[in-house]
Amino acid sequence: MNYRELAVPGAWEITPQQFGDPRGVFLEWFKDAPFAEHAGHALNLAQANLSVSAAGVVRGVHFADVPPGQAKYVTCARGAVLDVVVDIRVGSPTFGKWDAVLLDDVDRRAIYLAEGLGHAFMSLEDDSTVLYLCSTGYTPGREHGIHPLDETVGIAWPTTARDGSAITPQLSQKDADAPSLVEALETDLLPTFAQVAALRS
């Protein structure tokens, strides 16, 4: 596996080694020892999720209260998505910055996002299937969002699907109603850099 830290500290792109033959392909999409070596800590697994999305669907930007937060290790088993991490940690040197990784069924990369980071993706093909390993379980009262089209964050969402056709963002009502980054900051909705650092102390 090859690990590359993204422009948002605490987020990593993971590219696995694939073994193919006439029967198909085998790969390890998560392995605890190399993960802990690069991330600096183990990934505690509390929940595993799967989503299937039509082309153009945007999910996120989602995050959980810290503590405990929710770290995610994400891959795309079928189709393709542009997976985005946003630094929403108040006081972070990269606060408001975002970075992205293409997750698809060709390179079969994964992305890891530590607690306190915002997560979103856009599906680039119908029936794109995303798998998430989560460090904590889903708790409705602790889950929040930032509007994925917030101009302050300025995520450059794709306008073209995997097949070359035009796509536009499709949001759930919950994500469409989510506050901007500035509104979330003003209402103390966001985790702080210090809170996240305390999780590892």
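Right above here is the structure, for reference.
Parameters at a glance
Residues numbered from 1 in each chain as written. Predicted model: local features only at pLDDT ≥ 70, side-chain atom pairs only at ≥ 80, totals over all residues. Heavy atoms only, no water. Phe/Tyr/Trp six-rings, centres within 6.5 Å; stacked < 30°, edge-to-face > 60°. Buried < 20%, exposed > 50% of the residue type's maximum accessible area, 1.4 Å probe, protein only. Helix = DSSP H or I, 4+ residues; strand = E, 2+ residues; numbered from the N terminus. Pairing = 2+ DSSP bridges. Axes fitted to C-alpha atoms, helices over the stretch in contact; angles between N-to-C directions.

Caption draft 1: Structural view of the packing of aromatic side chains. For the structure shown, the criterion picks out seven aromatic pairs. With 5.7 Å between their ring centres and 50° between their planes, Phe 30 and Phe 35 make a pair best called tilted. Note on Phe 30: relative accessible area 26%, which makes it partly exposed. Overall, the relative accessible area of 1% leaves Phe 35 in the buried class. When the ring of Phe 30 is compared with that of Tyr 73, the centres are 4.9 Å apart and the planes differ by 85°; the resulting orientation is edge-to-face. Of this pair, Phe 30 sits in the loop between β4 (24-27) and α1 (32-39) while Tyr 73 sits in strand β7 (residues 72-78), and the two are 43 residues apart along the sequence.

Caption draft 2: Local environment of the sheet that holds strand β13 (residues 143-145). Ordered by their spatial adjacency, five strands build an open sheet running β9-β8-β11-β6-β13, and the pairing between neighbours is antiparallel. Whereas interior strands pair on both sides, the edge strands pair on one side only; in this sheet they are β9 (98-104) and β13. Along the sheet, successive strands turn relative to each other by an average axial angle of 25°, direction set aside. When strand β6 (residues 58-64) meets β13, the two strands line up antiparallel, connected through three bridges. Each bridged residue has a counterpart across the sheet, and for Phe 63 the counterpart in β13 is His 144.

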